[in-house]
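Secondary and tertiary structure notes
Each chain is listed here by its residues.
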Amino acid sequence: DVKVTQSSRYLVKRTGEKVFLECVQDMDHENMFWYRQDPGLGLRLIYFSYDVKMKEKGDIPEGYSVSREKKERFSLILESASTNQTSMYLCASSSGTLNTEAFFGQGTRLTVV
Amino acid sequence: GDSVTQMEGPVTLSEEAFLTINCTYTATGYPSLFWYVQYPGEGLQLLLKATKADDKGSNKGFEATYRKETTSFHLEKGSVQVSDSAVYFCALSDRETSGSRLTFGEGTQLTVNP
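All values derive from a computational prediction rather than experimental measurement.

**Observations regarding the interface of chain A and chain B**
- On the side of chain B, 21 residues touch chain A, which itself brings 27 residues to the contact.
- Summed over both sides, the interface of chain A with chain B buries roughly 1700 Å², with 51% coming from carbon and sulfur.
- Between chain A and chain B we count 1 salt bridge in total.
- Our count for the contact surface shared by chain A and chain B stands at 6 residue pairs in polar contact (both at pLDDT 80 or more).
- Contributions of two or more residues to the side of chain A that touches chain B are made by β5 (31–38), β6 (42–49) and β10 (87–94) of chain A.

See below:
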């Protein structure tokens, strides 16, 4: 069974804290993605990566950074958490093949207080 | 840039009713189209996809046809069940212009009552 695993289902952090969200996939996929999901806005892409140590900004990268040191792991970092970063965060991966689907993790519900 | 527009929700139906969720898209290239479903408390999972014009994707009784002339990919099911209650997302992937990234619609919450 293919799997994308996010390290936490629920997190509560304080304003100003540095927050790490971890994602691991076991499918040897080249591509990995971080989205945030907010009601009425759908999923918005924060960052993505096509290969180890490579990253590209998505639509809403401000306030976030990422790290991909190994192919199977893609980390999202909130440098200084703010209340407007309270959201559901979804990690996904896909192969480099044309027209392929993306596989999603179960999501991390982050609350910044 | 690429974009996806879904019909406004939420949608509430009775069991065995017919379902349509509208989806239209804007893309500069020739995208692949997807429907994803999110059950309560879970991540997204692929429901169906279509990669070229006039393709019909189908799964679990759901269908959608890639209509290039109307830039649409409407989701349909002839008889919904309570277990179909979920959020449905239309998405596209335009490899020529945006690599393998997916662009999503806003999502449509479906509730099916017994």
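What follows continues from the structure just given.
**Some thoughts on the packing of aromatic side chains**
- Evaluation of the coordinates by the stated rule reveals 14 aromatic pairs over all chains.
- Ring plane angle 90° and centroid distance 6.2 Å describe the contact between Phe89(B) and Phe104(B), whose orientation is recorded as edge-to-face. A residue pair is termed long-range when its members are at least 10 positions apart, and Phe89(B) in strand β10 (residues 86–93) and Phe104(B) in strand β11 (residues 102–104) qualify at 15 residues.
- The buried category is assigned to Phe89(B), whose relative accessible area is 1%.
- Connected via pairs of aromatic rings, a cluster forms that spans Phe33(A), Tyr35(A), Phe48(A), Tyr50(A), Phe104(A), Phe34(B), Tyr36(B), Phe89(B) and Phe104(B).

**Focus: the environment of Glu69(B)**
Residue and element names in this part refer to chain B.
- Checked against the element boundaries, glutamate 69 lands in the loop between β8 (62–65) and β9 (75–77).
- A relative accessible area of 61% means that glutamate 69 is categorised as exposed.
- Note: C-alpha distance between glutamate 69 and alanine 53 (16 residues apart in sequence) is 8.6 Å.

**Overview of the layout of surface pockets**
- Estimates place the volume of the largest pocket at around 460 Å³.
- Forming the walls of the largest pocket are 24 residues, and the residues nearest its centre are Gln37(A), Gln38(B), Val87(B), Phe89(B) and Gln109(B).
- Top contributing element to the lining of the largest pocket by residue count: β10(B), with 3 residues.
- Its residues placed into classes, the lining of the largest pocket shows 8 nonpolar, 11 polar and 5 charged.

**Focus: the pattern of salt bridges**
- The tally for this structure, following the rule as stated, stands at 10 salt bridges over all chains.
- Across the pair Arg67(B) and Asp54(B) runs a salt bridge, and its minimum N-O distance is 3.9 Å. Of this pair, Arg67(B) sits in the loop between β8 and β9 while Asp54(B) sits in the loop between β6 (44–50) and β7 (56–59), placing them 13 residues apart in sequence.
- Since its relative accessible area comes to 35%, Arg67(B) is described here as partly exposed.
- With relative accessibility at 54%, the residue Asp54(B) sits in the exposed group.
- The network of salt bridges with common partners includes Arg36(A), Asp38(A) and Arg44(A).

Cut-offs and rules
- Residues numbered from 1 in each chain as written.
- Chains lettered and ligands numbered in written order.
- Predicted model: local features only at pLDDT ≥ 70, side-chain atom pairs only at ≥ 80, totals over all residues.
- Heavy atoms only, no water.
- Contact = heavy atoms within 4.5 Å.
- Buried area = accessible area lost by both parts, 1.4 Å probe.
- Salt bridge = Lys/Arg side-chain N within 4 Å of Asp/Glu carboxyl O.
- Polar contact = N/O pair within 3.5 Å; in protein donor to acceptor, adjacent residues only side chain to side chain.
- Helix = DSSP H or I, 4+ residues; strand = E, 2+ residues; numbered from the N terminus.
- Phe/Tyr/Trp six-rings, centres within 6.5 Å; stacked < 30°, edge-to-face > 60°.
- Buried < 20%, exposed > 50% of the residue type's maximum accessible area, 1.4 Å probe, protein only.
- 1 Å grid on protein atoms, 1.4 Å probe; cavity = no way out; pocket = protein on both sides within 12 Å on 5 of 7 lines; lining within 4 Å.
- Points joined across faces, edges and corners; volume = space filled by probe spheres on them.
- Nonpolar A, V, L, I, M, F, W, Y, C, P; charged D, E, K, R; others polar.

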